[in-house]
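# Overview (structure and organization)
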Amino acid sequence: MRPKQWVKNLFVFAALVFGERLNDPASLLKVSLGFVLFCLIAGSGYLINDIIDQKKDALHPLKSKRPIVSGVLKKRECIIFVFLFIIASISSSFFINYNFSLCLVSYLLLSLLYSFFLKNIVIIDILSLSFGFVIRVIAGAFAIGVSISLWLLICTMLIALFLILSKRRHELVLLESDASLHREILSEYSLSFIDEMISAITGAAIIAYSLYAFQVRDKFGEYFPLTIPFVLYGVFRYLYLVHQKGRGGSPEIDITQDKPLMVNLFLWIISVLLIIYGRRYL
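Notes on the structure follow. Residue positions are counted from 1 within each chain, in the order its sequence is given. In keeping with the predicted nature of the model, local features appear solely for residues at pLDDT of at least 70, side-chain atom pairs appear and are counted solely at 80 or more, and the whole-chain, interface and lining totals rest on all residues. Based on all heavy atoms of the structure, the side-chain values leave hydrogens and waters out of the count.

## Re the pattern of salt bridges
Put simply, the rule is: By definition, a salt bridge exists where a carboxyl oxygen of Asp or Glu is found within 4 Å of a side-chain nitrogen of Lys or Arg. Numbering goes from the N terminus for both helices and strands, where a helix is a DSSP run of H or I of at least four residues and a strand is a run of E of at least two.
Enumeration over the complete set of coordinates arrives at six salt bridges. Here R168 makes a salt bridge to D125, at a shortest N to O gap of 3.2 Å. Of this pair, R168 sits in helix α8 (residues 150–175) while D125 sits in helix α7 (residues 124–144), and the two are 43 residues apart along the sequence.

## Quick word on the packing of aromatic side chains
The cut-off we apply is this: We call Phe, Tyr and Trp rings a pair once their centres come within 6.5 Å, taking the six-membered ring for Trp, and we label the pair stacked below 30 degrees between planes, edge-to-face above 60, and tilted otherwise. Partly exposed describes any residue whose relative accessible area lies between the buried limit of under 20% and the exposed limit of over 50%, with all areas from a 1.4 Å probe on protein chains only and scaled to the type maximum. To sit over a ring, a charge needs its Lys NZ or Arg CZ within 6 Å of the ring centre and within 35 degrees of the ring normal.
If you walk through the whole model with that rule in mind, you get 14 aromatic pairs. Their ring planes at 35° and their centres at 6.5 Å tell us that Y209 and F224 sit as a pair that is tilted. Of this pair, Y209 sits in helix α10 (residues 191–215) while F224 sits in the loop between α11 (217–220) and α12 (228–244), placing them 15 residues apart in sequence. Comparing Y209 with F224 shows no difference in burial state: the two are buried. Considering the side-chain rings of Y212 and F224, the 6.1 Å spacing of their centres and the 90° angle between planes classify their relative orientation as edge-to-face. Placement of Y212 in helix α10 and of F224 in the loop between α11 and α12 is noted, with a sequence separation of 12 residues between them. Per residue, the accessibility class of Y212 equals that of F224, and both read buried. An aromatic cluster is present here, built from F18, Y209, Y212, F220 and F224 joined pairwise through their rings. Positioned above the aromatic ring of F133, the side-chain terminus of R136 is 4.9 Å from the ring centre.

## Some remarks on the side chain of D254
Selection criterion: Polar contacts here mean pairs of N or O atoms no more than 3.5 Å apart (in protein, one a potential hydrogen donor and the other a potential acceptor; neighbouring residues in sequence count only if both atoms are side-chain atoms). Residue contacts are counted whenever heavy atoms from the two residues lie within 4.5 Å of one another.
Take D254: it is sitting in helix α13 (residues 251–257). At 2.8 Å, the side chain of D254 and the backbone nitrogen of G248 are in polar contact. Those residues within four positions of D254 in sequence are excluded, and the remaining contacts are Y238, L241, R247, G248 and G249.

## Quick notes on the packing of helix α6 (residues 98–116) against α7
What counts here: Only the contacting stretch of a helix is used when fitting its axis, a line to C-alpha atoms as for every element, and angles between N-to-C directions run 0 to 180 degrees. Angle categories are assigned with fixed cut-offs, so that under 35 degrees is roughly parallel, over 145 is roughly antiparallel, 65 to 115 is roughly perpendicular, and the rest are oblique. Whether a crossing is left-handed or right-handed is set by the direction in which the near helix is turned from the far one by less than a right angle, anticlockwise for left-handed and clockwise for right-handed. When residues are grouped by polarity, Ala, Val, Leu, Ile, Met, Phe, Trp, Tyr, Cys and Pro land in nonpolar, Asp, Glu, Lys and Arg in charged, and all others, Gly among them, in polar.
As a packed pair, α6 and α7 sit with axes 9 Å apart at the nearest point and diverge in direction by 170°. Considered as vectors, α6 and α7 are oriented roughly antiparallel to each other. You can see that α6 and α7 cross each other, and the crossing is left-handed. Judged by residue contacts, N99, F100, C103, S106, Y107, L110 and Y114 of α6 engage D125, S128, L129, F131, G132, I135, R136, I138, A139, F142 and A143 from α7. The residue makeup of the contact of α6 with α7, split by class, is 12 nonpolar, four polar and two charged.

## Points about the packing of helix α2 (residues 25–52) against α6
Two numbers describe how α2 lies on α6: the axes approach to 10 Å, and their chain directions differ by 15°. With respect to each other, α2 and α6 are oriented roughly parallel. Judged by the sense of rotation from one axis to the other, the crossing of α2 with α6 is right-handed. Where α2 approaches α6, its residues G34, L37, F38, I41, A42, G45, I48, N49 and I52 are matched on the opposing element by F100, L104, Y107, L108, L112, S115 and F116. Residues that form the contact of α2 with α6 fall into these classes: 12 nonpolar, four polar and no charged.

## A look at helix α14 (residues 259–277)
Heads up, the condition is: Helix span is expected to be 1.5 Å times the residue number reduced by one.
Helix length check: α14, at 19 residues, gives a terminal C-alpha distance of 27 Å against a target of 27 Å (1.5 Å per residue), a fit within 8%. Residues of α14 that are buried include every one of L261, N264, S271, V272, I275, I276 and Y277, and no others. Against the buried residues of α14 lie α1 (14–18), α11, α12 and α13.

## Some remarks on unusual backbone geometry
It is generally the case that most residues other than glycine have a negative phi and that most peptide bonds are trans. Positive phi values are uncommon outside glycine, yet E20 reaches one of about 60°. Here E20 is to be found in the loop between α1 and α2. Of note, I123 is a non-glycine position whose phi angle comes to about 70°, a positive value. Since its relative accessible area comes to 38%, I123 is described here as partly exposed.

In short, geometric facts, not functional conclusions.
Here is the structure:
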């Protein structure tokens, strides 16, 4: 179920923070429950994907060690747990509200479509993965009944694309000529093509966040654009890890194990919280 990748589900907290509900216990409880449910659904999706790609993952130097691929877990056992997790998570989601349940089901359907179909269509494969992050943000907003800026959704999609493309690049470099044997769609990509897309997405993401930062000055105060340098450093530092250190295969690990990146992320979070919530006490 890849617990290390559950950090991606923290995107459901975006609306809680930027919707100024972080200090509301009821809202915090709802979003926290939403986070747990997305972890169950995401974990189920990973199990399904591993079952489908069992033969192809056996060719991968790292994925071949996963429990299903290596034979530690039986396929039948996994299928039983998938059904249990899906039923439990969808049923529990109605305790939050109907709209959140729709988002959870939409994410599940998107995961299934990706596993069976979308992952084999060039460009659509990376776009569908990025939409999964957007659904998480929207779900968090629905959970507590707040509106969310379209610019924030655009930023979410662009940052997700940036990380996904970096992961694709790492796979091409790691697997070299055997890349398409592991993941057929990789035959449609090349390092030069992916680098071009990463360059485009990098610029778009920085511009989108900058526009969002200036757009919300009336809401959060004139100091919010001061968070832009943290985003700049974070993006450039990750590019450094991808191009100079050969990383990018596991964003959740690459980010948490790089001290400069973690310090920068911590400073960005603190600055955002101080600007949004600290102004009430000044």
